[in-house]
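Structure at a glance
Below are the chains, spelled out letter by letter.
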Amino acid sequence: MRHRVSKLLAVLAIVCTGCGSPDADPAAFTSAPLSRAAETRDVYRPPSDGKVTPAQVETYLSVLDRVRLDIRGARSTPTGDPLSTLPADVAAAQARGVNVEEFLWVKERVLEAEAATMTAKLNASALAMLEKTLADLKARRADAADEGSRLLLAEQTAQFEAEAERVRRESKVREPDVVRANVKTLEPFRSRLAAAQEAVDKPLLKEPERGAPKADSRKP
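Keep in mind that this is a model prediction, so the values were computed, not measured.

Definitions and limits used
Residues numbered from 1 in each chain as written. Predicted model: local features only at pLDDT ≥ 70, side-chain atom pairs only at ≥ 80, totals over all residues. Heavy atoms only, no water. Salt bridge = Lys/Arg side-chain N within 4 Å of Asp/Glu carboxyl O. Helix = DSSP H or I, 4+ residues; strand = E, 2+ residues; numbered from the N terminus. Buried < 20%, exposed > 50% of the residue type's maximum accessible area, 1.4 Å probe, protein only. Phe/Tyr/Trp six-rings, centres within 6.5 Å; stacked < 30°, edge-to-face > 60°.

Quick word on the pattern of salt bridges
Throughout the structure, instances matching the rule amount to 15 salt bridges. Across the pair Lys138 and Glu161 runs a salt bridge whose closest N-O atoms are separated by 3.7 Å. In this pair, Lys138 is assigned in helix 4 (residues 100-142) and Glu161 in helix 5 (residues 147-172), connecting sequence segments 23 residues apart. The exposure class of Glu161 is partly exposed, given its relative accessible area of 36%.

Next comes the structure, spelled out in structure tokens:
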């Protein structure tokens, strides 16, 4: 899926240039909200259907909110061996008593659903731009001043038509049922997920300490 997204991003760049010229007993699985019991914190058996629940998404969001508050408060993880340092979201999940294994499973499902949504949007955007470019090329070919120009425009038109057909084929490929189900479950949370992730991803800009001497910009 990531490969498809990368290819679509490349298509958008090309078009812009052209315009310029789940194995266990299923009965044992349950689709319950994220567990907060300490004794099950590090054990989680995903549901057999692979679907996330609204309660799981709410808890996932609460962990991201904890990370965001930690960033705002400039509370950083103690320094030490980078290989032994926990990621911020995992540390926040532990601090809230959330089952880390379940949290990570939900995170994977969220990212999977977001990638599917992004692919669909990129397909639609790329196809719209390709069709616009094709219309422009056809109009320019009709008004070409000489046969050489018409041949060149015809070659460019054929290339963009082939690319448009490829994007149409990819657009018709359906995501697995479980992915589409998770996309639907996440729909009411989309704006909150985007805002939370943006806040977590935004780098922390540290202000200079008050009273700290300013560096002398004058040359010695």
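Describing the packing of aromatic side chains
Here the structure, examined in full by the defined rule, presents two aromatic pairs. Taking the centre distance of 5.4 Å and the plane angle of 25° together, the rings of Tyr60 and Phe103 count as stacked. Highlighted residues: Tyr60 in helix 2 (residues 54-72) and Phe103 in helix 4, separated in sequence by 43 residues. By relative accessible area, Phe103 is classed as buried at 0%.

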